[in-house]
Amino acid sequence: MSTIKTVIVEDSRLARNELKELIKGHSALELIGEAENVDDGFELIQKNRPDLLLLDINMPEKDGFDLLEMLDEVPITVFTTAYDEYAIKSFEYNALDYLLKPINEKRFSLAVEKVKEKLAGNQQEEVPAEKRLTGNSQIFIKDGEKCWLVKVGDISHFEIVGNYTRVFFQNEKPLLYKSLNQVEEKLPANYFFRPNRQQIVNTNFIAKVIPWFNGTLKLEMQNGEEIEVSRRQSYLFKDRMSL
């Protein structure tokens, strides 16, 4: 495995220095940058596309969750916090780990092992030139007081709700504050198909394809929901799936 490109976003200089000392003890980690606020962290991540983000939750002006909302694709994230578990109790889905300050070497090593395992488990997919997401990419969703880090390949479908988009994964269906067109621009075409103007589906979650009126189709998803395919998209879907 190549080195794990790592970025620190933390407003405390002392905490950043402590993390840098911990990183030095792990040859697998390569520190490629640090930032003391969310905006600088955003620029750093956009430019360098790190594998690992060590992220403080509580920072002035904008917090760690604000940073994750700004990113189209979220690196593997390990939170660092001076507060106990209640500080991230709303983070309900797919959080890799969090470290309670002051961070000891043994606890940091355990987090690094989790990062290695996650990277090893991810099949590396080629990212097209337009920088679309892949099935293994993570996106951050915050809806009210709840937050999720969701792997794109685990999302069954998207649906328009006014100017926003509802995201369906497991038993959750939070709102993403982007339009469906904005979402579609970033999705991997080999996973997702737009059957109509209102929805986008992950073809891996289609349980059954049902012939419908006038040559159109209806898709039955694994959760039992049925989605109609427009006439034009039905022809495209048949061609894509060799039906």
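Further up the page is the structure itself.
Residues numbered from 1 in each chain as written. Predicted model: local features only at pLDDT ≥ 70, side-chain atom pairs only at ≥ 80, totals over all residues. Heavy atoms only, no water.

(A) Molecular detail of the side chain of Q233. Mapped onto the secondary structure, Q233 falls in helix α6 (residues 231-241). Classification of Q233 by relative accessible area gives buried; the value is 14%. What Q233 contacts, discounting residues up to four positions off in sequence, is F193, R194 and P195. (Helix = DSSP H or I, 4+ residues; strand = E, 2+ residues; numbered from the N terminus. Buried < 20%, exposed > 50% of the residue type's maximum accessible area, 1.4 Å probe, protein only. Contact = heavy atoms within 4.5 Å.)

(B) Examining the pairing of strand β15 (residues 217-221) more closely. The buried count for β15 comes to four of five residues, which makes it a mostly enclosed element. The pairing of strand β14 (residues 206-211) with β15 spans five bridges and is antiparallel. Bridge pairing in β15 places V209 opposite L219. The turn linking β14 back onto β15 is made up of five residues, and N214 within it adopts a positive phi angle of 50°. Pairing of β15 with strand β16 (residues 226-229), which is carried by four bridges, proceeds in the antiparallel orientation. Residue pairing in the sheet places L219 in a bridge with I227 of β16. (Pairing = 2+ DSSP bridges.)

(C) Layout of the sheet that holds β14. With respect to topology, three strands assemble into an open sheet ordered β14-β15-β16, the strand pairing being antiparallel. Looking at strand neighbours, the two that pair on one side only are β14 and β16, the edges of this open sheet. Going from strand to strand, the sheet's axes swing by 25° on average, the running direction of each strand aside. (Axes fitted to C-alpha atoms, helices over the stretch in contact; angles between N-to-C directions.)

(D) Looking closely at the sheet that holds strand β2 (residues 29-35). Reading across the sheet, the five strands line up as β2-β1-β3-β4-β6 and stay open at both edges, with parallel pairing between neighbours. Only two strands of the sheet have a single neighbouring strand rather than two, namely β2 and β6 (97-100). If you compare each strand with its neighbour and ignore which way they point, the axes differ by 20° on average. Contacting β1 (4-9), β2, β3 (52-56) and β4 (76-81), helix α1 (residues 13-24) crosses the sheet at an angle of about 170° to β2. Most of the contacts of helix α2 (residues 38-48) go to β2, to which it runs at about 140°, and overall it touches β1, β2 and β3.

(E) A look at the packing of aromatic side chains. All told, the structure shown has eight aromatic pairs when counted by the stated rule. When the centroid spacing of 6.0 Å and the interplanar angle of 10° are considered together, the rings of F65 and F140 count as stacked. Separated by 75 residues along the polypeptide, F65 in helix α3 (residues 64-70) and F140 in strand β7 (residues 138-143) bring together distant segments of the chain. What makes F65 buried here is its relative accessible area of 8%. With a relative accessible area of 5%, F140 lands in the buried category. Taken together, a centroid distance of 4.8 Å and an interplanar angle of 75° make the contact between Y164 and Y177 edge-to-face. Taken together, the residues span a long stretch of sequence, with Y164 in strand β10 (residues 164-168) and Y177 in the loop between β11 (175-176) and α5 (180-186) at a distance of 13 residues. Taking the relative accessible area as the measure of exposure, Y164 reaches 37% and is therefore partly exposed. Joined through ring pairs, the aromatic side chains of F65, F79 and F140 make up one cluster. A cation over a ring is seen here: K218 above W212, with NZ or CZ 3.5 Å from the ring centre. (Phe/Tyr/Trp six-rings, centres within 6.5 Å; stacked < 30°, edge-to-face > 60°. Lys NZ or Arg CZ within 6 Å of the ring centre and 35° of its normal.)

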